[in-house]
Amino acid sequence: MKHLILLLTLLPFFTFCGQQKDEKKEETGDSQKTETANEAPARNQKATYYLLRHAEKVRTDPKDQDPALNIDGLLRAKRWATYFEPIKIDAIYVTKYIRTKQTVSLIAQQKQVSPTRYDPKTVYSEEFLNQTNNKTVLIAGHSNTIPQLVNQLIGEEKFKDMDDDDNSTLFKVTINGNDKKVEAITVE
Ligand SMILES: O=C(O)[C@H](O)COP(=O)(O)O
């Protein structure tokens, strides 16, 4: 009986504490929602990306991971420079391999832009999108990395690896907020 009286006396206190806990839970829930929304702000990207594979490379040693361009490649690099002459380029990205650097080196000189080195595996990131926002960007890469980067930029699995004899495809990606366009242009 004594216990029953004690329980009845304390019941309102337990109920009050329970209510407070529920209110706290709701507050925490709301603030977590706000944090998540802040972590993923609506992006208003506006940029143009030109993506190309390096020009023709020396193939005498199949074990050589870092061959230079051959004569055809050097001539193609010259043609790329002519192609980009009338186009404003704000930033140029190259991989660690000499064939990508050689392919865009004339363009880099022409535009007075010092190429930035990137890792194709990790380049697509918030940092990259911020760095390239409001810019026209040229990216030199590889048969098995350029189409993937195009796909990441457009948010669609549209392109597969380039053929090994394809050194002439230029991808132009234009992003204006949610409007993402891509053109694959052949430049001989
Ligand atoms: O063989 C390779 O290293 C990859 O397929 C990439 O080729 P690429 O550098 O000639 O485009």
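Before going into details, it helps to say that this report is about the structure given with it. (Residues numbered from 1 in each chain as written. Predicted model: local features only at pLDDT ≥ 70, side-chain atom pairs only at ≥ 80, totals over all residues. Heavy atoms only, no water.)

Comments concerning the site of the ligand
At step 1: With respect to spatial proximity, the complete set of residues near the ligand consists of Arg53, His54, Lys57, Arg99, His142, Ser143 and Asn144.
At step 2: His54 is positioned such that a nitrogen or oxygen atom in its side chain is 3.0 Å from an oxygen atom of the ligand.
At step 3: Side-chain polar atom of Arg99 to an oxygen atom of the ligand: 2.8 Å apart, as the coordinates give it.
At step 4: Taken by itself the ligand offers 310 Å² of open surface, and the protein chains cover 67% of this. (Near = heavy atom within 4 Å. Polar contact = N/O pair within 3.5 Å; in protein donor to acceptor, adjacent residues only side chain to side chain. Areas by Shrake-Rupley, 256 points an atom, 1.4 Å probe, with all protein chains shown as cover.)

With respect to unusual backbone geometry
At step 1: Within the chain, Gln112 stands out as a residue other than glycine whose phi angle is a positive 55°.
At step 2: Inspection of the secondary structure assignment puts Gln112 in the loop between helix 3 (98-111) and strand 3 (116-117).
At step 3: A positive phi is found at Asn134, a non-glycine position, where the angle reads about 65°.
At step 4: Locating Asn134 in the fold gives a position in the loop between helix 4 (126-132) and strand 4 (136-141). (Helix = DSSP H or I, 4+ residues; strand = E, 2+ residues; numbered from the N terminus.)

So, the nonpolar core
At step 1: Ranked by size, the top nonpolar core spans 20 residues in total, and within it Tyr49, Leu51, Phe128, Ile139, Ile146, Leu153 and Val173 carry the most contacts.
At step 2: Counting only elements with at least two residues in this core, the list comes to strand 1 (46-53), strand 2 (91-94), helix 4, strand 4, helix 5 (146-154) and strand 5 (169-176).
At step 3: Looking at this core element by element, the count peaks at 5 residues for helix 5.
At step 4: In contact with Val173, not counting residues within four places along its chain, are Ala47, Thr48, Tyr49, Leu51, Val150, Leu153, Ile154, Lys181 and Val182. (Core = buried A, V, L, I, M, F, W, Y, C linked by side-chain atoms within 4.5 Å. Buried < 20%, exposed > 50% of the residue type's maximum accessible area, 1.4 Å probe, protein only. Contact = heavy atoms within 4.5 Å.)

Notes on the pattern of salt bridges
At step 1: Using the criterion set out here, one finds 6 salt bridges in the structure.
At step 2: Across the pair Arg76 and Glu188 runs a salt bridge, and its minimum N-O distance is 3.9 Å. You can see Arg76 sitting in helix 2 (residues 71-84) and its partner Glu188 sitting in the segment after strand 6 (179-186), a full 112 residues away along the chain.
At step 3: With relative accessibility at 7%, the residue Arg76 sits in the buried group.
At step 4: Under the relative-accessibility criterion, Glu188 is labelled exposed at 57%.
At step 5: Several salt bridges share partner residues, and in doing so they unite Arg53, Arg59 and Asp164 into one network. (Salt bridge = Lys/Arg side-chain N within 4 Å of Asp/Glu carboxyl O.)

As for the side chain of Asn151
At step 1: As for its position among the elements, Asn151 is in helix 5.
At step 2: For Asn151, a relative accessible area of 3% corresponds to the buried category.
At step 3: Once residues within four sequence positions are removed from consideration, Asn151 is found in contact with Glu156, Glu157, Lys158 and Phe159.

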